[in-house]
Amino acid sequence: MGSSLPEKARPFAPPLAVWLIVAALLAAIFLLSLPAFNRYRIADRAFYEASLSRLASLSARENGGKKPLRVIAIGSSSMGKAVFMDNDMEALAGKHGLERFEFMRLTRPLGGIKDFMPLLDGIYSAAPDIILMESDSAFYDRHKVRNAFVRKYTEFLKAILMNSLKAGRFVSPEPEKAHTEEEFERPLPENWAPSLDFLIRRWNERSLAGIEESGPFFNEAAKRGIRVVLVDIPRHPEFERLSGGPRPDAIDLLKRLEKDYGVESISFPREIVESYYSDPVHLNEEGRLEFSLWLIEELKRARSRI
């Protein structure tokens with residue numbers, strides 16, 4: 001009588017009820033952790049609340065019946081380090097012949113046009129004559145990481161786990177540090193700047209911003225008769241050399257913005273010396289002064305055409 005070969009063992013699969021219980025537990029953990037997660041994620045909310053408050057103050061400014069030239073500058077840390085903040089920019093402009101001038105700088109690290117869309121009503125309620133937008137903030141989506149919510153939530157859970165293990169009890173992580181405009185008035189930390197190679201690599205990985213998402217910003221400005229001027233902020237000469245200049249897709253996008261919405265663009269007309277940079281992408285105080293003085297001259301010429 002011949003012996004039969006043993007049947008191949010089948011892989012063990014947990015019953016459906018087990019999967020349902022696990023799914024229910026994960027859903028419960030997620031729902032219970034959301035209030036703490038929302039308290040942790042305060043950076044965006046704090047930025048928008050502070051920015052809307054500043055925009056309301058700009059709207060309410062008294063000008064004695066004499067119409068000022070009102071300008072809002074929007075962009076990333078590059079813009080934040082390239083022009084002086086509000087009152088300082090107004091004072092500098094007054095010393096160099098630009099009178100009746102009201103200025104507000106609205107910038108945040110890695111700021112792209114999508115980051116400022118929640119402020120759209122506040123920006124246009126302030127009725128600026130000109131919006132200066134950092135060109136790279138208009139062209140590129142700097143937030144390249146997909147599934148940003150999942151990434152942030154994972155970081156949050158990891159922080160809970162590490163803090164709680166260290167303390168021997170449940171400890172919620174410290175809230176995110178909210179960006180304030182005044183931070184760009186202080187020198188960058190000496191150990192902040194990544195290597196030039198890293199910055200170039202990240203620079204070349206940027207994604208073009210979708211016109212479908214940014215179009216409403218420019219369309220509303222055009223309808224209100226507000227001039228939008230894209231400002232090209234130069235980087236360190238070595239960075240400019242290695243980055244290879246503007247990409248063809250950005251040039252095509254600029255042409256479309258010019259044609260469809262009347263967007264204009266300006267560029268600093270000369271190379272800024274290396275000593276005017278604090279790192280490969282940010283101007284220091286000397287560089288900021290030179291760039292701001294050039295921008296003031298551009299605004300003086302713009303006033304004559306408004």
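Located above this text is the structure these notes cover.
Residues numbered from 1 in each chain as written. Predicted model: local features only at pLDDT ≥ 70, side-chain atom pairs only at ≥ 80, totals over all residues. Heavy atoms only, no water.

(A) Just the overall build of the protein, in detail. Along the protein, the regular secondary structure elements total 13 helices and seven strands. Here the protein holds 306 residues, and the buried ones make up 42% of them. (Helix = DSSP H or I, 4+ residues; strand = E, 2+ residues; numbered from the N terminus. Buried < 20%, exposed > 50% of the residue type's maximum accessible area, 1.4 Å probe, protein only.)

(B) A look at the pairing of strand β6 (residues 227-232). Counting buried residues in β6 gives five out of six residues, a clear majority hidden from the surface. Sheet analysis places β6 next to strand β7 (residues 264-267), joined by four bridges and oriented parallel. What sits directly across from V229, in β7, is E264. (Pairing = 2+ DSSP bridges.)

(C) How the structure looks around the packing of aromatic side chains. Counted according to the given criterion, the structure contains eleven aromatic pairs. Taking the centre distance of 5.8 Å and the plane angle of 35° together, the rings of F101 and F103 count as tilted. No difference in accessibility class separates F101 from F103, as the two residues are buried. Between F268 and F291, the aromatic rings sit 5.8 Å apart at their centres with planes inclined by 25°, giving stacked as the arrangement. Taken together, the residues F268 in the loop between β7 and α13 (285-303) and F291 in helix α13 connect sequence positions 23 residues apart. Residue classification places F268 among the buried positions, given a relative accessible area of 9%. The cationic tip of R108 hangs over the ring face of F47; the distance from NZ or CZ to the ring centre is 4.4 Å. (Phe/Tyr/Trp six-rings, centres within 6.5 Å; stacked < 30°, edge-to-face > 60°. Lys NZ or Arg CZ within 6 Å of the ring centre and 35° of its normal.)

(D) Structural context of the environment of G80. Within the secondary structure, G80 sits in helix α3 (residues 77-82). By relative accessible area, G80 is classed as buried at 0%. When neighbours within four sequence positions are excluded, G80 is seen to be in contact with R105, T107, F184, E185 and R288. (Contact = heavy atoms within 4.5 Å.)

(E) A look at helix α2 (residues 43-59). Compared with an ideal rise of 1.5 Å per residue, which puts 17 residues at 24 Å, α2 spans 24 Å between its outermost C-alpha atoms and is within 8% of the ideal. Of all the residues in α2, the buried ones are A43, F47, Y48, S51, R54, L55 and L58. Buried residues in α2, looked at end-on, bunch into an arc of 135°, giving them a common side. Those residues of α2 that are buried are in contact with β1 (69-75), α4 (86-95), β2 (101-107), α5 (113-116) and α6 (120-125). (Expected span 1.5 Å × (residues − 1). Arc of directions from axis to C-beta.)

(F) Structural view of the nonpolar core. Counting 32 residues, the largest nonpolar core has I72, I74, I123, F139, F217, F218 and L230 as its most contacted members. Of all hydrophobic cores here, the second largest spans 29 residues; its members include F101, L132, I272 and F291. (Core = buried A, V, L, I, M, F, W, Y, C linked by side-chain atoms within 4.5 Å.)

(G) Up close: the side chain of E181. Among the structural elements, E181 can be located in the loop between α8 (148-167) and α9 (196-204). Here R105 takes part through its side chain, which lies 2.8 Å from a polar atom of the side chain of E181. Residues in contact with E181, not counting those within four places in the same chain, are R54, M85, R105, L106 and T107. (Polar contact = N/O pair within 3.5 Å; in protein donor to acceptor, adjacent residues only side chain to side chain.)

(H) Spatial organisation of the sheet that holds β2. One open sheet holds the five strands; their spatial order is β2-β1-β3-β6-β7, and the pairing between them is parallel. Every interior strand has two partners, whereas the edge strands, β2 and β7, have only one. For this sheet, the mean inter-axis angle between neighbouring strands, taken without regard to orientation, is 25°. As defined by bridge partners, β1 adjoins β2 across seven bridges and the pair is classed as parallel. Its bridge partner being in β2, V71 is matched across the sheet by F103. (Axes fitted to C-alpha atoms, helices over the stretch in contact; angles between N-to-C directions.)

(I) Quick peek at the pattern of salt bridges. The final tally for this structure, using the stated rule, is 23 salt bridges. Across the pair R288 and E185 runs a salt bridge, and its minimum N-O distance is 3.1 Å. Linking R288 in helix α13 with E185 in the loop between α8 and α9, this pair joins segments that are 103 residues apart in sequence. Relative accessible area serves as the criterion here: at 0%, R288 is assigned to the buried category. Overall, E185 belongs to the partly exposed group, its relative accessible area being 27%. In this structure, R224 engages E220 in a salt bridge whose closest nitrogen and oxygen atoms are separated by 2.7 Å. With R224 and E220 both in helix α10 (residues 211-224) and four residues apart, the pair spans about one turn of that helix. With a relative accessible area of 21%, E220 lands in the partly exposed category. (Salt bridge = Lys/Arg side-chain N within 4 Å of Asp/Glu carboxyl O.)

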